[in-house]
Amino acid sequence: MAPDHDTMFGVPLKYVSLVALTLQNTGAVLIMRYTRSIPSESQYLTSTAVIMGEAMKVAVSTALIYSGGGSLASVFANPAELLKTGVPAFLYLIQNNLQYVAVSNMSAATYQVTYQLKILSTALMSVLILQKEISRTKWLALGILTTGVAAVQISAMPSGGAAAPQPNVDLTVGLAATLAACCCSGLAGVYFEKILKGSKVSLWTRNVQLGLYSIVIGLVGYRMEVAKLGSRAPEDGFFHGYTMLTLFNIAVQGGGGLIIAVVIKFADNILKNFATAISIILSAIISWLFMGFELNLLFVIGCVLVNYAVYLYGRPDPRKSNGTILPMK
């Protein structure tokens, strides 16, 4: 964990970054919901938006490296450290492909519920890789958080009755792919946390390294998407369908990548999941107030569970006089 003297305006960066991530995620969800309601804003290829978001993250991180007296040479100065950063990038690539397999072999509702197991997989990887101590109370809080987020996600899905049967669907394959994706998500996040906190390479240098890997992977994905579209591919190239709102959306998403790195550096991946869960609830409430989004009982139950999980996880663990954690009875 980062030392307590890392502050901004007297507030520990741990808390500043978590609040910033919550607000950024909330804004990102609202922007996406708004743009989906405008036909002209859904013309661009999502793969290009991902690449542009990563490019923005690299540009900002590079500027911060120079502002701190460093240079871009630091990104490539240590080949071993550069290769280490490739591990989470590769894991995220596998995760994205597994998610595609999962959604192709199970219902959306089943996927939304099972994919929340990434919260528990992140905690498990933190114990195995970072030797993080998690008390029984905190494990209970994480289980409640997983259930609450799943309930909120399901409540947001359209209720149009049972979905039509899908051909060539294998639930076993879908579940296996989802569980594997959860493990990749947890491992990638925790490994990135380990190399951020366990080496002398700066936060912004790591961000540039990860961003460069992501851009290369994204470009490959873009070329594959264009080849798949064939004659239906946009004739005006990479920036087809871009508007000012598209660029703003990309900036918000790219900013999220920067904030997540700060959260992982000064807090941890588990607290990042709590911030993300709270942002899901905030975005749904704002959508209900201003965008005609309908809330239901399942959403309320999910909110209660998430808030209780936050309270339970934040409670100090019972300790002996020598400072060791007491087991729960």
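Rules and cut-offs
Residues numbered from 1 in each chain as written. Predicted model: local features only at pLDDT ≥ 70, side-chain atom pairs only at ≥ 80, totals over all residues. Heavy atoms only, no water. Helix = DSSP H or I, 4+ residues; strand = E, 2+ residues; numbered from the N terminus. Rg over C-alpha atoms; globule rule 2.2 N^0.38 Å. Contact = heavy atoms within 4.5 Å. Areas by Shrake-Rupley, 256 points an atom, 1.4 Å probe, with all protein chains shown as cover. Buried < 20%, exposed > 50% of the residue type's maximum accessible area, 1.4 Å probe, protein only. Polar contact = N/O pair within 3.5 Å; in protein donor to acceptor, adjacent residues only side chain to side chain. Axes fitted to C-alpha atoms, helices over the stretch in contact; angles between N-to-C directions. Left-handed = near helix turned anticlockwise from the far one by under 90°. Nonpolar A, V, L, I, M, F, W, Y, C, P; charged D, E, K, R; others polar. Phe/Tyr/Trp six-rings, centres within 6.5 Å; stacked < 30°, edge-to-face > 60°. Lys NZ or Arg CZ within 6 Å of the ring centre and 35° of its normal. pLDDT = per-residue confidence, 0-100. Core = buried A, V, L, I, M, F, W, Y, C linked by side-chain atoms within 4.5 Å.

Enquirer: Tell me about the overall build of the chain, and name the residues and values.
Expert: The secondary structure content of the chain amounts to twelve helices and two strands. Counting from the amino terminus, the chain carries its helices and strands in the arrangement β-β-α-α-α-α-α-α-α-α-α-α-α-α. Its C-alpha atoms give the chain a radius of gyration of 21 Å, within 12% of the compact-globule value 20 Å for 329 residues. The C-alpha extent of the chain, read off along each of the three principal axes, is 70 × 55 × 40 Å. Look at the contacts in the chain between residues 6 or more apart in sequence, and 85% of them connect residues 24 or more apart. A total of about 17500 Å² of accessible surface is found on the chain, and carbon and sulfur atoms cover 67% of it.

Enquirer: Which residues make up the environment of serine 47, and what values do they have?
Expert: By secondary structure assignment, the location of serine 47 is in helix α2 (residues 46-67). Overall, serine 47 belongs to the buried group, its relative accessible area being 12%. For the pair formed by serine 47 and methionine 224, sequence separation is 177 residues and the distance between their alpha carbons is 10.0 Å. Not counting residues up to four positions away in its chain, the partners in contact with serine 47 are Tyr222 and Glu225. Separated by 2.5 Å, the side chains of serine 47 and glutamate 225 make a polar contact.

Enquirer: Could you give an account of the environment of tyrosine 191, naming the residues involved and the relevant values?
Expert: By secondary structure assignment, the location of tyrosine 191 is in helix α8 (residues 171-197). Considered as a pair, tyrosine 191 and serine 37 are 154 residues apart in the sequence and their alpha carbons are 37 Å apart.

Enquirer: Which residues make up the packing of helix α5 (residues 108-115) against α8, and what are the values?
Expert: Two elements in contact, α5 and α8, have axes whose closest approach is 10 Å; the angle formed by their N-to-C orientations is 35 degrees. Relative to α8, α5 is oriented so that their crossing is right-handed. Where α5 approaches α8, its residues Thr110, Tyr111, Thr114 and Tyr115 are matched on the opposing element by Leu175, Thr178, Ala181, Cys182 and Ser185. Looking at side-chain class alone, the contact of α5 with α8 contains five nonpolar, four polar and no charged residues.

Enquirer: Pulling in residues and values, what's your account of the packing of aromatic side chains?
Expert: Throughout the structure, instances matching the rule amount to seven aromatic pairs. Judged by centre distance (4.9 Å) and plane angle (40 degrees), the ring pair of phenylalanine 274 and tyrosine 313 falls under tilted. Of this pair, phenylalanine 274 sits in helix α11 (residues 269-290) while tyrosine 313 sits in helix α12 (residues 297-314); the two residues are 39 residues apart in sequence, bridging distant segments of the chain. Put simply, the rings of Tyr44, Tyr222, Phe238, Phe239 and Tyr242 pair up and form one aromatic cluster. Positioned above the aromatic ring of tyrosine 313, the side-chain terminus of lysine 138 is 5.1 Å from the ring centre.

Enquirer: Could you give an account of the confidence of the model for the chain, naming the residues involved and the relevant values?
Expert: A residue-level look at the chain finds 91% of positions with pLDDT of 70 or above and a mean pLDDT of 87. Here strand β1 (residues 7-8) is the element of the chain with the lowest mean pLDDT, 75, and helix α6 (residues 118-130) is the one with the highest, 96. For residues 320-329, every residue scores under 50 in pLDDT, and the model assigns this stretch twelve contacts once sequence neighbours within four places are set aside.

Enquirer: So what about the nonpolar core? Which residues, and what values?
Expert: In terms of nonpolar packing, the biggest core is built from 28 residues, with Leu142, Leu145, Val149, Ile270, Phe274 and Tyr313 touching the most fellow members. Of all the secondary structure elements, the ones that give two or more residues to this core are α1 (13-36), α6, α7 (136-155), α11 and α12. The dominant element in this core, judged by the number of residues it contributes, is α11, at eight residues. Counting 16 residues, the second largest nonpolar core, distinct from the first, contains Ala49, Ile51, Val208 and Val226.

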